[in-house]
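# Structural characterization, general
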Amino acid sequence: MSSRLRPGRVGVAVMLAASALAACGGGQSPSALDPKGPASERIADVWWLMLGMATAVYVVVAGLIFLAARRRRASDDEGGGRRLPLGENAFIWIGGIVVPTAILLVIAVVTVSSTADLTRAEDDPLRIEVEGFKWWWEVRYPGTDVVTANEVHVPAGRPVEIELTTADVIHSFWVPELAGKVDLIPGQTNVIRLTADQPGEYRGQCAEFCGLQHARMAFLVIADPPQVFDDWIDRRQAPPPEPAPGLAAEGERIFETSSCAGCHAIRGTTARGVSGPDLSDFASRRTIGAVTVENNRENLAEWIVDAQTMKPGNLMPPIALEPGELEALLAYMETRR
Ligand code: CUA
């Protein structure tokens, strides 16, 4: 026999596979194999079951190849062939038809029943609407005036039903730690159901290529204790405070009279633009540009003056401001929370 399967190589392959798997669990990016809610737990269980079955098949097939190679050598040495213990046809029936059918049946039953469970409506879910734009997310709470962007606030422990629509192309809503992926399709409303077991911050990502900044179309699901969530909603329903006279008030005037108001809305002002994110609670958001950069004064200044450098291709044009106007705008935005 010219080529032999060397056990040493198998060992190296198994070690490489094991280290690749280990890498999935760690690091900064959220992993679907580190579930933080019932939906993602169910998906992870299916994944592990399939990995287990695939590993068993691999071990058996590799073992048979190894045995066959050894037996062939032994029979070559003896100068004669040897019969398979079960007969050739029995081997083909069992290995080629019975076992694969059983494996596929198990996987089919598990995946179909899991999919049914994942799409089943829960009692008294919190309804949220999420609309995809190139390249950010609008988040609305039906029955309230609350509109925000790129952050989906949810009460921990309560089932959430999110209605997904898109303003332009196909996007996909994916929070690996909480649920599977559901696409946002033009002209259609899809629903994803999830529950965050514990309070925390869970990173989400658009999972369908949607253009230049697809990779920077991320978002955060922020799960709070129910009381904190209710307070969060109430604060956004109350009339927004007037900015104190001075720099912030001047900033509001600039916002309302400049190109800002053409694209953005801020509750309680004349700014009613709809092509960019609603900025009513901007100062309370963690990030700018759909998790492109941290939300701080320096990054906001850079974003206002030249958002194209930070996120090329987004709709926000460079804004020409008189000296002092930027300071006033920054002071004003810090009051919108
Ligand atoms: Cu939106 Cu990719």
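Details of the structure are given in the entry above.
Because the structure is predicted, anything quoted here is derived from the model rather than measured. (Residues numbered from 1 in each chain as written. Predicted model: local features only at pLDDT ≥ 70, side-chain atom pairs only at ≥ 80, totals over all residues. Heavy atoms only, no water.)

Time to look at the packing of helix 5 (residues 247-257) against helix 8 (residues 325-333). Following both chains from N to C, one finds helix 5 and helix 8 inclined at 100°, their axes separated by 7 Å at the closest point. Viewed along their axes, helix 5 and helix 8 adopt a mutual orientation that is roughly perpendicular. Within the contact between the two elements, helix 5 uses Leu 247, Ala 248, Glu 250, Gly 251, Glu 252, Ile 254 and Phe 255 and helix 8 uses Glu 325, Glu 327, Ala 328, Leu 329, Ala 331, Tyr 332 and Met 333. A breakdown of the residues in the contact of helix 5 with helix 8 according to their chemical character gives nine nonpolar, one polar and four charged. (Axes fitted to C-alpha atoms, helices over the stretch in contact; angles between N-to-C directions. Helix = DSSP H or I, 4+ residues; strand = E, 2+ residues; numbered from the N terminus. Parallel < 35°, antiparallel > 145°, perpendicular 65-115°, else oblique. Contact = heavy atoms within 4.5 Å. Nonpolar A, V, L, I, M, F, W, Y, C, P; charged D, E, K, R; others polar.)

Our next topic: the packing of aromatic side chains. The full count for this structure, using the stated rule, is nine aromatic pairs. Judged by centre distance (5.4 Å) and plane angle (65°), the ring pair of Tyr 141 and Trp 232 falls under edge-to-face. With Tyr 141 in the loop between strand 2 (136-140) and strand 3 (147-149) and Trp 232 in helix 4 (residues 226-237), this residue pair connects regions lying 91 residues apart in the sequence. What makes Tyr 141 buried here is its relative accessible area of 3%. Overall, Trp 232 belongs to the buried group, its relative accessible area being 4%. Pairwise contacts between aromatic rings join Trp 137, Phe 173 and Phe 219 into one cluster. (Phe/Tyr/Trp six-rings, centres within 6.5 Å; stacked < 30°, edge-to-face > 60°. Buried < 20%, exposed > 50% of the residue type's maximum accessible area, 1.4 Å probe, protein only.)

According to the stated counting rule, one finds 16 salt bridges in the structure shown. Arg 158 is the partner of Asp 124 in a salt bridge, and the nearest nitrogen-oxygen pair spans 3.5 Å. In this pair, Asp 124 is assigned in the loop between helix 3 (88-119) and strand 1 (126-133) and Arg 158 in the loop between strand 4 (151-155) and strand 5 (160-166), connecting sequence segments 34 residues apart. In this structure Arg 158 comes out as partly exposed when scored by relative accessible area, which is 29%. (Salt bridge = Lys/Arg side-chain N within 4 Å of Asp/Glu carboxyl O.)

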